[in-house]
Amino acid sequence: MKRIGILTSGGDAPGMNAAIRSVVRSSIYHDIEIYGIYYGYQGLIEGHIKRLHIGSVGDIIQRGGTMLYSSRSEEFKTGEGQAKAIEQLKKHDIEGLVVIGGDGSFRGAQKLTEKGFPCIGIPGTIDNDIPGTDNTIGFDTALNTVIQAVDKIRDTATSHERIYVIEVMGRDAGDLALWAGVAAGAESILIPEFPHDLEEVTEKIKRGHERGKRHSIIMVAEGVGSANDIANHIKDDLQVETRVTVLGHTQRGGSPTAFDRVLAGRLGAYAVDLLKGGQQGRMVGVQNNQLVHHDIIEALKLKNEISDDLYNLSNQLSI
Ligand code: F6P
């Protein structure tokens, strides 16, 4: 393997830059030329490709976002788009590709591998919804962003004796809401992986109020539905003041935590090792603190496990 390419695709995540840095520097360390593909798969189709050097990735380890930019490409989902992408890779004599992103990005990597172009996927998404790895790059940073916001909301919630419904991202997954709910001491956590009963939510608020609690935090994953509807239900049922905060894209930005930087460094270097060793159609991950790799498609077929223990613990601690 003499030349490899790297791109970021789908929703950006803090730590993607640290992963790019790791892939670039590891490639150069192994005497492999490394090319940055800008604007995700769409940029690949359009040929936005540039050689990267050691200095190209200087001063980015601490930055959120992705220096290669990102996109969600509809064209790349078509056979024609994929053929154009392979043409561009061949034109630049690139022999392998590292893709950093979530499940959609991994499906793209698999398509290219099936068409004879070796790819390795690095999980980068705040959603933590990729099976085959305990953590995705960006999840820990987003989690910390959420709890910092919730801590601030608690101050004002106490002052005004209000119920706050806080909606967090995660697409169809509840990991971010679950971890944030436990870390921020939420009264109830509503996530798509577990059925919820709004009567139980209101009962808990009532019990808390009776023993002098001045506020309640209800953490809602976006995959559950509208935080506004939930807040209205609580307001009508209990005749209390409610407020809704949708944290939105603030969760995707910011400087990556030490955890995400180290994870990104490990996964980036490992992806280069695998390509160098002739592997393809694999995703890298960390499980039980060990670097692992799995067949991309087999991994995506698995159900993303959410921790029952953590969910039960949240119920136990918020009685
Ligand atoms: O996958 C990351 C994510 O932030 C999800 O949590 C969210 O549902 C989605 O992307 C938002 O996408 P966009 O930035 O395209 O609105």
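Here we summarise the structure given alongside this text. (Residues numbered from 1 in each chain as written. Predicted model: local features only at pLDDT ≥ 70, side-chain atom pairs only at ≥ 80, totals over all residues. Heavy atoms only, no water.)

**Considering the overall build of the chain**
Stage number 1. For the chain, the helix and strand inventory stands at 11 helices and 11 strands.
Stage number 2. Over its C-alpha trace the chain gives a radius of gyration of 21 Å, about what one expects of a compact globule, namely 20 Å for 319 residues.
Stage number 3. For the chain, the C-alpha atoms occupy an extent of roughly 70 × 35 × 35 Å along the three principal directions.
Stage number 4. Across the 319 residues in the chain, those meeting the buried criterion constitute 54%.
Stage number 5. Of all intrachain contacts in the chain linking residues separated by at least 6 positions in sequence, the fraction that spans at least 24 positions is 74%.
Stage number 6. Of the accessible surface of the chain, which amounts to about 14,000 Å², a share of 47% is contributed by carbon and sulfur atoms.
Stage number 7. The averaged location of the 42 negative side-chain charges in the chain is 6 Å from the averaged location of its 34 positive side-chain charges. (Helix = DSSP H or I, 4+ residues; strand = E, 2+ residues; numbered from the N terminus. Rg over C-alpha atoms; globule rule 2.2 N^0.38 Å. Buried < 20%, exposed > 50% of the residue type's maximum accessible area, 1.4 Å probe, protein only. Contact = heavy atoms within 4.5 Å. Areas by Shrake-Rupley, 256 points an atom, 1.4 Å probe, with all protein chains shown as cover. Lys, Arg positive; Asp, Glu negative; His and termini not counted. Charge placed at Lys NZ, Arg CZ, Asp CG, Glu CD.)

**What about the layout of surface pockets?**
Stage number 1. Space inside the largest pocket adds up to approximately 630 Å³.
Stage number 2. The wall of the largest pocket is formed by 31 residues, among which Gly 10, Arg 72, Gly 104, Ser 105 and Arg 171 lie closest to the centre.
Stage number 3. Elements with a contribution of two residues or more to the lining of the largest pocket: α2 (40–46) and α4 (103–114).
Stage number 4. Residue contributions to the lining of the largest pocket peak at 6 residues, all from α4. (1 Å grid on protein atoms, 1.4 Å probe; cavity = no way out; pocket = protein on both sides within 12 Å on 5 of 7 lines; lining within 4 Å. Points joined across faces, edges and corners; volume = space filled by probe spheres on them.)

**Re unusual backbone geometry**
Most peptide bonds adopt trans geometry, and most residues besides glycine take a negative phi value.
Stage number 1. For Arg 171, which is not glycine, the phi torsion reads 55° and is therefore positive.
Stage number 2. Tracing the backbone through its elements, the reader meets Arg 171 in the loop between β6 (163–168) and α6 (175–184).
Stage number 3. Here the phi dihedral of Gln 239 falls at roughly 55°; this positive angle occurs in a residue that is not glycine.
Stage number 4. Among the secondary structure elements, Gln 239 is positioned in the loop between α8 (227–238) and β9 (242–246).

**Side note on the nonpolar core**
Stage number 1. Membership of the largest hydrophobic core comes to 61 residues, with the highest contact counts inside it found for Ile 6, Val 98, Ile 122, Ile 166, Ile 191 and Met 219.
Stage number 2. In this view, Val 98 contacts Ile 4, Gly 5, Ile 6, Leu 7, Val 23, Ile 120, Ile 122, Ala 271 and Leu 275; residues no more than four positions away in its chain are not counted.
Stage number 3. Ranked by size, the runner-up nonpolar core spans 24 residues in total, among them Tyr 41, Leu 89, Val 99 and Phe 106. (Core = buried A, V, L, I, M, F, W, Y, C linked by side-chain atoms within 4.5 Å.)

**Description of the site of the ligand**
Stage number 1. Neighbouring residues of the ligand: Arg 72, Thr 125, Asp 127, Met 169, Gly 170, Arg 171, Glu 222, His 249 and Arg 252.
Stage number 2. Take Gly 170: an N or O atom from its main chain is 3.1 Å from an oxygen atom of the ligand.
Stage number 3. Between an oxygen atom of the ligand and a side-chain N or O atom of His 249, the distance comes to 2.8 Å.
Stage number 4. Tallied by class, the residues present in the shell around the ligand amount to 1 nonpolar, 3 polar and 5 charged. (Near = heavy atom within 4 Å. Polar contact = N/O pair within 3.5 Å; in protein donor to acceptor, adjacent residues only side chain to side chain. Nonpolar A, V, L, I, M, F, W, Y, C, P; charged D, E, K, R; others polar.)

**A word on helix α9 (residues 258–276)**
Stage number 1. The terminal C-alpha atoms of α9, which comprises 19 residues, lie 27 Å apart, in line with the 27 Å expected from a rise of 1.5 Å per residue.
Stage number 2. Among all positions in α9, only Asp 260, Leu 263, Ala 264, Leu 267, Gly 268, Tyr 270, Ala 271, Val 272, Leu 274 and Leu 275 are buried. (Expected span 1.5 Å × (residues − 1).)

**Focus on the side chain of Gln 88**
Stage number 1. Considering the arrangement of structural elements, one finds Gln 88 in helix α3 (residues 79–91).
Stage number 2. Not counting chain neighbours up to four residues away, the residues in contact with Gln 88 comprise Leu 44, Ile 45, Glu 46, Gly 47 and Ile 49.

**Considering the sheet that holds strand β8 (residues 216–221)**
Think of a sheet as strands paired side by side through backbone hydrogen bonds, with each pair either parallel or antiparallel.
Stage number 1. Pairing in this open sheet of 4 strands is parallel, and the strands run β7-β8-β6-β9 from one edge to the other. Strands with a single pairing partner mark the edges of an open sheet, and in this sheet they are β7 (188–190) and β9. On average, each strand axis in the sheet is inclined to that of its neighbour by 20°, with strand direction left out of account.
Stage number 2. In this sheet, β8 lies alongside β7 in parallel orientation, the contact comprising 3 bridges. Bridge assignment links Ser 188 to a residue of β8, and that residue is Ile 218. (Pairing = 2+ DSSP bridges. Axes fitted to C-alpha atoms, helices over the stretch in contact; angles between N-to-C directions.)

**Focus on the pairing of β8**
Put simply, side chains in a regular strand alternate between the two faces of the sheet.
Stage number 1. Most of β8 is tucked away, with 6 of its 6 residues classed as buried.
Stage number 2. Where burial is concerned, the two faces of β8 agree: the one with Ser 216, Ile 218 and Val 220 and the one with Ile 217, Met 219 and Ala 221 are both buried.
Stage number 3. Note that β6 and β8 share 6 bridges and pair parallel. Paired with Val 165 across the strands is Ile 218, a residue of β8.
Stage number 4. With helix α7 (residues 198–210) bridging β7 and the parallel β8, this β-α-β connection has right-handed handedness. (Right-handed = clockwise from strand over helix to strand, strands pointing away.)

**Some thoughts on the packing of α7 against α8**
Stage number 1. Relative to each other, α7 and α8 sit at 55°, their axes nearing to 10 Å. Judged by the angle between their axes, α7 and α8 are oblique. The handedness of the crossing between α7 and α8 comes out as right-handed. Taking contact as the criterion, the partners of Leu 198, Glu 199, Val 201, Thr 202, Ile 205 and Lys 206 in α7 are, on α8, Ile 230, His 233, Ile 234, Asp 237 and Leu 238.
Stage number 2. When the residues that make up the contact of α7 with α8 are grouped by side-chain class, the tally is 6 nonpolar, 2 polar and 3 charged. (Parallel < 35°, antiparallel > 145°, perpendicular 65-115°, else oblique. Left-handed = near helix turned anticlockwise from the far one by under 90°.)

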